[in-house]
Amino acid sequence: MIPRMTSSGMNMMGKIIFYEDRNFQGRSYECMSDCPDMSSFLSRCHSCRVERGCFMVYDRPNYMGNQHFMRRGEYADYMSMMGMSDCIRSCRMIPMHRGQFRMKIYERENFQGQMQELMEDCENVMERFGMSNLMSCNVMDGHWLMYEQPNFRGRMMYMRPGEYRNFSSMGMSGIRFMSLRRIMDACY
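Everything numeric here is computed off the predicted structure, so don't read it as measured data.

**Overview of the sheet that holds strand β14 (residues 179-182)**
- Spatial strand order, β12-β11-β14: three strands in an open sheet with antiparallel pairing. Whereas interior strands pair on both sides, the edge strands pair on one side only; in this sheet they are β12 (153-159) and β14. Taken over all neighbouring pairs, the strand axes of this sheet differ in orientation by 25° on average, direction set aside.
- Taken together, the four bridges between strand β11 (residues 144-149) and β14 define a ladder with antiparallel strand orientation. When the sheet's bridge partners are listed, W144 is paired in β14 with R182.

Structure, rendered in structure tokens:
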């Protein structure tokens, strides 16, 4: 017997629709979970519509490359809006989190060097903690976005609960993260 999803349960799930061409034209692919490689569904993707939830989209398969946070809304030509040089190749749904947020950040790889614990957004790691580098972290609670520039600007990286010993091994070599923001459930 397959359980039926209630309408309130449906609202807790994310839903994003990808389109091959700009302005929601061409073939489409509807996604309600993680998708590591969209190439078997669409040959290209140049626009999308987020109907529910929040997603991270990546310009390379397997959640690699440039990342962009997308909340509910229409993105008719996201490439020009976000400066992506290629089209979307994979996506990850960000689950809704209620409760506390907690993360430990370290100035060196493998949880070495100065450590700070965060439970709220941080606009500038250098000003707040005197840390000139952020190279590993442990996300204990919640989902976070890390930005390469202060005040939540520049390239970003999605961090879900877990240990991240080396950002370079995640395809983020040469990027210094200087601000962090919690992903709140307002995008549902």
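**Thoughts on the sheet that holds strand β10 (residues 136-141)**
- Strand order in the open sheet formed by four strands is β9-β8-β10-β13, with antiparallel pairing between adjacent strands. At either margin of the open sheet sits one strand with a lone partner, and together these are β9 (112-118) and β13 (162-164). The sheet shows a mean angle of 15° between the axes of neighbouring strands, taken without regard to direction.
- Taken together, the three bridges between β10 and β13 define a ladder with antiparallel strand orientation. Within β13, the position partnered with V139 by the bridge is G162.

**A word on the environment of N110**
- Structurally, N110 can be placed in the loop between β8 (102-108) and β9.
- We classify N110 as partly exposed; its relative accessible area is 39%.
- Spatially, the C-alpha atoms of N110 and C137 are 8.4 Å apart, while their sequence positions differ by 27 residues.
- The residues contacting N110, other than those within four sequence positions of it, are S136 and R165.

Cut-offs used in this document
- Residues numbered from 1 in each chain as written.
- Predicted model: local features only at pLDDT ≥ 70, side-chain atom pairs only at ≥ 80, totals over all residues.
- Heavy atoms only, no water.
- Pairing = 2+ DSSP bridges.
- Helix = DSSP H or I, 4+ residues; strand = E, 2+ residues; numbered from the N terminus.
- Axes fitted to C-alpha atoms, helices over the stretch in contact; angles between N-to-C directions.
- Buried < 20%, exposed > 50% of the residue type's maximum accessible area, 1.4 Å probe, protein only.
- Contact = heavy atoms within 4.5 Å.

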